[in-house]
Number of protein chains: 2
Amino acid sequence: MENPLTPEVLADPVALTRALVDIESVSLNEKAIADCVEQVLRGLPHLITHRHGNTVMARTDLGRDQRVVLAGHLDTVPLNNNFPSTLRGDLMYGCGTSDMKSGVAYALHLAVTLPQPRYDVTYLFYEAEEIESKYNGLFLVSEAHPEWLAADFAVLLEPTYGLVEAGCQGTMRAVVATTGVRAHSARSWHGVNAIHGAGEVLRRLQAYEARRVTLDGCEYREGMNAVRIHGGVAGNVIPDRCEIEVNYRFAPDRTPAEAEAHLREVFAGFDLAVTDVAAGAAPGLDAAPAKEFLAA
Amino acid sequence: MENPLTPEVLADPVALTRALVDIESVSLNEKAIADCVEQVLRGLPHLITHRHGNTVMARTDLGRDQRVVLAGHLDTVPLNNNFPSTLRGDLMYGCGTSDMKSGVAYALHLAVTLPQPRYDVTYLFYEAEEIESKYNGLFLVSEAHPEWLAADFAVLLEPTYGLVEAGCQGTMRAVVATTGVRAHSARSWHGVNAIHGAGEVLRRLQAYEARRVTLDGCEYREGMNAVRIHGGVAGNVIPDRCEIEVNYRFAPDRTPAEAEAHLREVFAGFDLAVTDVAAGAAPGLDAAPAKEFLAA
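Residues numbered from 1 in each chain as written. Chains lettered and ligands numbered in written order. Predicted model: local features only at pLDDT ≥ 70, side-chain atom pairs only at ≥ 80, totals over all residues. Heavy atoms only, no water.

- As annotated in an unreviewed UniProt entry, chain A carries the name Succinyl-diaminopimelate desuccinylase and is attributed to Micromonospora deserti.
- Word for word, the UniProt comment on chain A under Catalytic activity (unreviewed entry) is "N-succinyl-(2S,6S)-2,6-diaminopimelate + H2O = (2S,6S)-2,6-diaminopimelate + succinate".
- UniProt annotates chain A under Pathway (unreviewed entry) with the comment "Amino-acid biosynthesis; L-lysine biosynthesis via DAP pathway; LL-2,6-diaminopimelate from (S)-tetrahydrodipicolinate (succinylase route): step 3/3." (UniProt positions renumbered as here; feature names shortened; annotations may be inferred.)

Given below as structure tokens:
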């Protein structure tokens, strides 16, 4: 494939956003877009460029006192009749236009056009943000090359309608299961219905009052939600198992262990298995580049 | 295929059961077994034999005062590592051994060995009992050839551990749906969780006290159960739809319309769509052959 990220496109963040959108990169299929981005970055003499899987890292090494990370994920959620991109008037539509190829485009535009930034800059274009954390490029880099992440301040260019959202909530997924006894539905009194038993799990979720906490001047609103439910064997069988997948978003003052303990407290009496977790991140707004960024 | 239902096999109900089990006939795949059964019946000069789809009907026409139907379905539920059959000691294992090829074997054995029954007899070997009622051979025959079903008494040879179960409950399936508003689970307060909303549906099911009613001396226990539940979009999305499939088994003193009205009353305030229904059947124990059958 010829690289669509030509010098002309790289000079124009809007054209660059569209070109990035038009390289299909649903999670776990980021090779093509990572190849294009890597090729661009390796051509820039002011950057040192490395790759890990489908994550590309490029950094300046100008000896500045402080270092800033600009990061964006290359992957998108699954396509939904929105590929390639289209224009309607001034607006661009397409898979990943907002989340987050526009952010990736800005970082890549700066990487190309800003050879002498005021702080040293590390650019990170990473894979698999939209799926389970074990695939996440930032997680994989943190294991394999933690030094790539060293910085005084980091900006993740996720879409926020222009607001600064400091820090990051943690996320945990767990499966809460209810069990019963199978029976023919014509003799339902011989069985125990696991789906009916799930009613209490949903009642607790509906009654749950999510905590709000203010850290470093930023309010975090937690959330606990059923994101999937599944149960049933056949149209004439009393089901013996029902699973509710719960997603808990927790403020960064809780560790993953504390988050799990809280989940287990909420669902006391039920089987619960944690299936996915990513820790939160404190806002860190006291760093000099952060203060300057907020003042701007 | 050579017909495994040889005269020797037909003379022995146990061998016949096993031979029938070993002709795979999961619902909608009854052609092979219906072919074998039809071939046997057409070879008997004391029977008049017809076929409709994969349902085979054979009857005596001896001019008796009363007529009895013996009926059994040819299909089974899906295989589950239980095909072909196996023996362990005295016991036969295999898909459909109990429900209901043993019953089919007895009816077929009688059809072959009883040329002069006391009442005229109609044998019905029918397709697709284990799935939605629109495929059911008895239903299809009732539409196309209702005269095949005319009788004073009918015995369906379903497994009941030797008990007589008179009449038949009706069955209705309906999908109760809850709706909400999608949002990212990190901003759950922007959405409305349809799975949480399903909690109230499950609460009503759990609190439901099923009616018991005595008809013609027989007690019918109704039942209302969730048999399937499904909801969710992705691990990080507040779901906007959850569907609960409910199976209502209703005593034969309710019509399907009354059963539906009752379902709608139980789930007042929720979207409900009936997806499947089969009416009940009154016991009819006052017919002479019925009295004799019960006395035996």
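There is more to say, and it comes next.
**Quick word on the pairing of strand β11 (residues 218-221) of chain B**
Residues and elements named next belong to chain B.
Part 1 of the argument: Burial of β11 is one-sided: the residues C218 and Y220 facing one way are buried, the residues E219 and R221 facing the other way are not.
Part 2 of the argument: One ladder, built from four bridges, connects strand β10 (residues 212-215) with β11; its direction is antiparallel. When the bridges of β11 are listed, R212 appears paired with R221. (Buried < 20%, exposed > 50% of the residue type's maximum accessible area, 1.4 Å probe, protein only. Helix = DSSP H or I, 4+ residues; strand = E, 2+ residues; numbered from the N terminus. Pairing = 2+ DSSP bridges.)

**Digging into unusual backbone geometry**
Part 1 of the argument: Put simply, F83 of chain A and P84 of chain A share a cis peptide bond, and its omega is -10 degrees.
Part 2 of the argument: Geometrically, the link from D99 of chain B to M100 of chain B is a cis peptide bond, its omega value of -5 degrees lying close to zero.
Part 3 of the argument: On the secondary structure map, M100 of chain B appears in helix α4 (residues 97-113).
Part 4 of the argument: One non-glycine residue with positive phi stands out, namely A128 of chain A, at about 55 degrees.

**Let's talk about the sheet that holds strand β15 (residues 271-278) of chain A**
Part 1 of the argument: Read across the sheet, eight strands follow the order β15(A)-β8(A)-β14(A)-β12(A)-β12(B)-β14(B)-β8(B)-β15(B) without closing on themselves; strand pairing throughout is antiparallel. The sheet is open, and its two edges are formed by β15 of chain A together with β15 (271-278) of chain B, each paired on a single side. The average angle at which neighbouring strand axes cross in this sheet is 25 degrees, direction not considered.
Part 2 of the argument: In this structure, strand β12 (residues 223-232) of chain A lies alongside strand β12 (residues 223-232) of chain B, joined through five bridges in antiparallel fashion. Bridge pairing links I229 of chain A to G231 of chain B in β12 of chain B.
Part 3 of the argument: In this fold helix α6 (residues 194-207) of chain B packs onto β12 of chain A together with β8 (170-179), β12 and β14 (241-250) of chain B, with an angle of close to 15 degrees to the strand it touches most, β14 of chain B.
Part 4 of the argument: Contacts between helix α7 (residues 256-266) of chain B and the sheet are confined to β8, β12, β14 and β15 of chain B, with β14 of chain B contributing the most and set at about 135 degrees to the helix. (Axes fitted to C-alpha atoms, helices over the stretch in contact; angles between N-to-C directions. Contact = heavy atoms within 4.5 Å.)

**Considerations on the relation of the copies chain A and chain B**
Part 1 of the argument: Mapping chain A onto chain B is achieved by rotating through 180 degrees and translating by 0.1 Å along the same axis, at an RMSD of 0.1 Å. Here the symmetry operator amounts to a two-fold rotation axis. (Least-squares fit on C-alpha atoms with pLDDT ≥ 70 in both.)

**With respect to the packing of aromatic side chains**
Part 1 of the argument: This model, assessed by the stated rule, comprises two aromatic pairs over all chains.
Part 2 of the argument: Plain terms: the ring middles of Y248 of chain A and F250 of chain A are 5.6 Å apart, the flat faces sit at 40 degrees to each other, and that makes the pair tilted.
Part 3 of the argument: For Y248 of chain A, a relative accessible area of 0% corresponds to the buried category.
Part 4 of the argument: Residue F250 of chain A is classed as buried on the basis of its relative accessible area, which comes to 0%.
Part 5 of the argument: Sitting over the ring of Y93 of chain A, R88 of chain A keeps its end group 3.9 Å from the ring centre.
Part 6 of the argument: Over the aromatic face of W189 of chain B sits the side chain of R221 of chain A, whose NZ or CZ is 4.2 Å from the ring centroid. (Phe/Tyr/Trp six-rings, centres within 6.5 Å; stacked < 30°, edge-to-face > 60°. Lys NZ or Arg CZ within 6 Å of the ring centre and 35° of its normal.)

**Some thoughts on the interface of chain A and chain B**
One frequently used descriptor of interface size is the decrease in accessible area upon assembly of the parts.
Part 1 of the argument: At the interface, 42 residues of chain A touch 42 residues of chain B.
Part 2 of the argument: Each partner contributes to the roughly 3,200 Å² buried at the junction of chain A and chain B, and carbon and sulfur atoms together form 49% of this total.
Part 3 of the argument: On the chain A side of the interface with chain B, the three residues burying the most area are W189, H196 and I229 of chain A, jointly 19% of the side's total.
Part 4 of the argument: Run the count over chain A and chain B and you get zero salt bridges.
Part 5 of the argument: Counting the contacts that link chain A with chain B gives 16 residue pairs in polar contact (both at pLDDT 80 or more).
Part 6 of the argument: Every element with two or more residues in the side of chain A that touches chain B is listed here: α6 (194-207), β12, β13 (237-238) and β14 (241-250) of chain A.
Part 7 of the argument: Top contributing element to the side of chain A that touches chain B by residue count: β12 of chain A, with 10 residues.
Part 8 of the argument: Class assignment of the residues belonging to the side of chain A that touches chain B gives a composition of 16 nonpolar, 17 polar and nine charged. (Buried area = accessible area lost by both parts, 1.4 Å probe. Salt bridge = Lys/Arg side-chain N within 4 Å of Asp/Glu carboxyl O. Polar contact = N/O pair within 3.5 Å; in protein donor to acceptor, adjacent residues only side chain to side chain. Nonpolar A, V, L, I, M, F, W, Y, C, P; charged D, E, K, R; others polar.)

**Re the nonpolar core**
Part 1 of the argument: M224, L263 and F267 of chain A together with M224, L263 and F267 of chain B are the most contacted members of the largest nonpolar core, which totals 46 residues.
Part 2 of the argument: Filtering out sequence-adjacent residues up to four positions away, F267 of chain B remains in contact with V176, V201, R204, L205, M224, V246 and L272 of chain B. (Core = buried A, V, L, I, M, F, W, Y, C linked by side-chain atoms within 4.5 Å.)

**Examining the pattern of salt bridges**
All names here are of chain A.
Part 1 of the argument: On inspection of all chains with the given rule, the structure shows 34 salt bridges over all chains.
Part 2 of the argument: Here D35 ties to R51 by a salt bridge, and the two come within 2.7 Å at their closest N and O atoms. A residue pair is termed long-range when its members are at least 10 positions apart, and D35 in helix α3 (residues 31-42) and R51 in strand β1 (residues 48-52) qualify at 16 residues.
Part 3 of the argument: R51 gets classed as partly exposed once you look at its relative accessible area, which sits at 24%.

**Remarks on helix α7 (residues 256-266) of chain A**
Residue and element names in this part refer to chain A.
Part 1 of the argument: Taken together, the buried positions of α7 are occupied by A259, H262, L263 and V266. Along the axis of α7, the buried residues cluster in a sector spanning 100 degrees; they form a single face. Summarising the geometry of α7, the exposed residues directed more than 90 degrees from the buried face are A257 and E265.
Part 2 of the argument: Considering only its buried residues, α7 is in contact with β8 (170-179), α6, β12, β14 and β15. (Arc of directions from axis to C-beta.)

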